[in-house]
Amino acid sequence: EVTDCLEFSRFLSELSVCAYPFVSAKPSSIAVAAISYSLEYFGQHSKVSCCRKLMEELGVDVRSDEVEACGALLNKVHRLAMPNQDN
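Since the model is a prediction, treat every value here as computed from it, not as a measurement.

What counts, and where the lines are drawn
Position labels on residues start from 1 in each chain and follow its written sequence. Selection of residues for local features in this predicted model requires a pLDDT of at least 70, selection of side-chain atom pairs for listing and counting requires 80 or more, and totals for whole chains, interfaces and linings are taken over all residues. Side-chain metrics in this entry use all non-hydrogen atoms of the structure; hydrogen atoms and water are not considered. Exposure above 30% relative accessible area and the absence of a salt bridge qualify a residue for a patch, where like charges join within 9 Å and nonpolar side chains (Val, Leu, Ile, Met, Phe, Trp, Tyr) within 5 Å. All accessible areas in this document rest on Shrake-Rupley with a 1.4 Å probe, and a residue is counted as covered only by the protein chains that are shown. Take a side-chain nitrogen of Lys or Arg and a carboxyl oxygen of Asp or Glu: if they are within 4 Å of each other, that pair is a salt bridge. Two residue types count as positive, namely Lys and Arg, and two as negative, namely Asp and Glu; His and chain ends fall outside the count. Each charge is placed at NZ for Lys, CZ for Arg, CG for Asp and CD for Glu. Only runs of H or I of at least four residues qualify as helices and only runs of E of at least two qualify as strands under DSSP, and these elements are numbered from the N terminus. Exposed residues in this analysis have more than 50% of their type's maximum accessible area, buried residues have under 20%, and partly exposed residues fall in between, with area computed by a 1.4 Å probe over protein chains only. Under this scheme, a helix contributes an axis fitted over its contacting stretch, all axes are lines through C-alpha atoms, and angles between N-to-C directions fall in the 0 to 180 degree range. Convention used here: angles under 35 degrees read as roughly parallel, angles over 145 as roughly antiparallel, angles from 65 to 115 as roughly perpendicular, and any remaining angle as oblique. Handedness of a crossing is defined here by the sense of rotation of the near helix relative to the far one, left-handed for an anticlockwise turn of less than a right angle and right-handed for a clockwise turn. Should any heavy atoms of two residues lie within 4.5 Å, those residues are considered in contact. Throughout, the ten residues Ala, Val, Leu, Ile, Met, Phe, Trp, Tyr, Cys and Pro are labelled nonpolar, Asp, Glu, Lys and Arg are labelled charged, and all others, Gly among them, are labelled polar.

*Asks:* So, a negative patch on the surface: which residues are in play, and what are the values?
*Replies:* Among the surface-exposed residues, Glu-56, Glu-57, Asp-61, Asp-65 and Glu-68 lie close enough to one another that they form a single negatively charged patch. Where the negative patch is concerned, the elements lending two or more residues are helix H3 (45-57) and helix H4 (65-81). With respect to the secondary-structure elements, Glu-57 resides in helix H3. By relative accessible area, which is 70% here, Glu-57 ends up exposed.

Below, the structure written as structure tokens:
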């Protein structure tokens, strides 16, 4: 499952390259949003808080407006890219 989460995070990051609204976002914000969304997508809710704590220790503001906006946009872009996929 960890490999699935990492691959899905990579996929989400690649989708962000195709969406203009991500142009002004910091790469770290996109990465944190992709990892968080991926963990939640695969039902790894307990790991989301652990991941966020680690990122905060590294100096990344995981609760910033930009990270939240990137997460919402990744969700939308993913649904547009994969409309028939259920989770």
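*Asks:* Now, about the packing of helix H1 (residues 2-17) against helix H2 (residues 27-41): what can you tell me, with residues and values included?
*Replies:* Viewed as axis vectors pointing N to C, H1 and H2 meet at an angle of 135 degrees, and their least axial separation amounts to 8 Å. By the angle between their axes, H1 is oblique relative to H2. Handedness of the H1/H2 crossing: right-handed. Of H2, the residues touching H1 (which contributes Cys-5, Phe-8, Ser-9, Leu-12, Ser-13 and Ser-16) are Ile-30, Ala-34, Ile-35, Tyr-37, Ser-38, Leu-39 and Tyr-41. Its residues placed into classes, the contact of H1 with H2 shows nine nonpolar, four polar and no charged.

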